[in-house]
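Reading the structure
Single-letter residue listing:
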Amino acid sequence: MHVHDYEKLWLGASLLLIVGFISTIVYGAVGAGVVMVNDEGGQVNPSELGNTTGFDDPGVTKVGPGEYEVHIVAMQFAFRPGTVELPANSTVTFYVTSRDVVHGFQVVGTNANTMVIPGEVSKLTVEFDDPGEYGIVCHEYCGSGHHGMASELLVKEPSNFTMQDDTQTQTGGNGTTNATATATGGESA
Ligand SMILES: [Cu+2]
């Protein structure tokens, strides 16, 4: 059977395209360092968060040199705590849950991004190398006040950083960012 030269050319070109598409998918899955948020954060009773370790007093806990844990409760229409302060050069594991409806949690300008589902704990680890201000926003429509549901994350020079006391308030706020964080756990919702 004779195959025309142009036919061969187009066959070859479409084969190349297919190989190219598969390569980008494989790279995105394993090469880009993106980690999906899974169920390893565990489960909680959303109506018992006041009696749940970590979420009864949300905020920052130091767990090792340069390592911090941050518990965050999302609710209509705020995050608690309203402001999170962390030192630069730190590895931070966020534990985020909701006490009412589905919310979102995104550190703006980074790939730290997850859904927040009542009863589930979203766990994601982020490295903050440089000082900066980041907005934390809810990106899942959660009701009439959704547009105002935001808080801020201040990454400070380690020499200026002192642990916040435990009397954090529920305030909203918007931060801007010069994104330098890289998340080792994150998901696009
Ligand atoms: Cu929300």
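You'll find the structure just up there.
Description of the structure in this document. (Residues numbered from 1 in each chain as written. Predicted model: local features only at pLDDT ≥ 70, side-chain atom pairs only at ≥ 80, totals over all residues. Heavy atoms only, no water.)

**Section: the coordination of the copper ion**
The line we're drawing: Distances up to 2.8 Å from the metal define which N, O and S atoms are donors, and 3.2 Å serves for Na, K and Ca; water is absent from the atom set, so sites may look incomplete. Four donors are marked tetrahedral only if all angles between them lie between 85 and 135 degrees, whereas four are marked square planar and six octahedral if opposite donors are more than 155 degrees apart and the other angles lie between 65 and 115; the remainder are marked irregular. Exposure categories follow from relative accessible area, calculated using a 1.4 Å probe and restricted to protein chains: below 20% of the type maximum is buried, above 50% is exposed, and the middle band is partly exposed.
Surrounding the copper ion are the protein donor atoms His-103 (ND1), Cys-138 (SG), Cys-142 (SG) and Met-149 (SD), at 2.0 to 2.4 Å. Coordination at the copper ion is tetrahedral, judged from the 4 donor atoms that bind it and the angles of 96 to 123 degrees they form at the metal. By relative accessible area, Cys-138 is classed as buried at 6%.

**Considering the environment of Thr-91**
Here is the rule: Elements are defined by DSSP. Helices are runs of H or I of four residues or more, strands are runs of E of two residues or more, and each kind is numbered from the N terminus. Note on definitions: a residue-residue contact is assigned when non-hydrogen atoms from the two residues lie within 4.5 Å.
Within the element layout of this structure, Thr-91 appears in strand β5 (residues 90-98). What makes Thr-91 partly exposed here is its relative accessible area of 28%. Separated by 22 residues in sequence, Thr-91 and Glu-69 place their C-alpha atoms 8.5 Å apart. What Thr-91 contacts, discounting residues up to four positions off in sequence, is Gly-66, Glu-67, Tyr-68, Thr-125, Val-126 and Glu-127.

**Notes on the pattern of salt bridges**
Rules: In what follows, salt bridge is the name for a side-chain nitrogen of Lys or Arg lying within 4 Å of a carboxyl oxygen of Asp or Glu.
Summed over all chains, the structure comprises 2 salt bridges. Ionic pairing is found between Lys-123 and Glu-40, a salt bridge with its closest N-O pair at 3.1 Å. In this pair, Lys-123 is assigned in strand β8 (residues 122-128) and Glu-40 in the loop between α1 (5-31) and β1 (59-64), connecting sequence segments 83 residues apart. With a closest N to O distance of 3.2 Å, Lys-156 and Glu-85 form a salt bridge. You can see Lys-156 sitting in strand β10 (residues 150-156) and its partner Glu-85 sitting in strand β4 (residues 83-87), a full 71 residues away along the chain.

Geometric descriptors of this kind do not, in isolation, establish any biological role.
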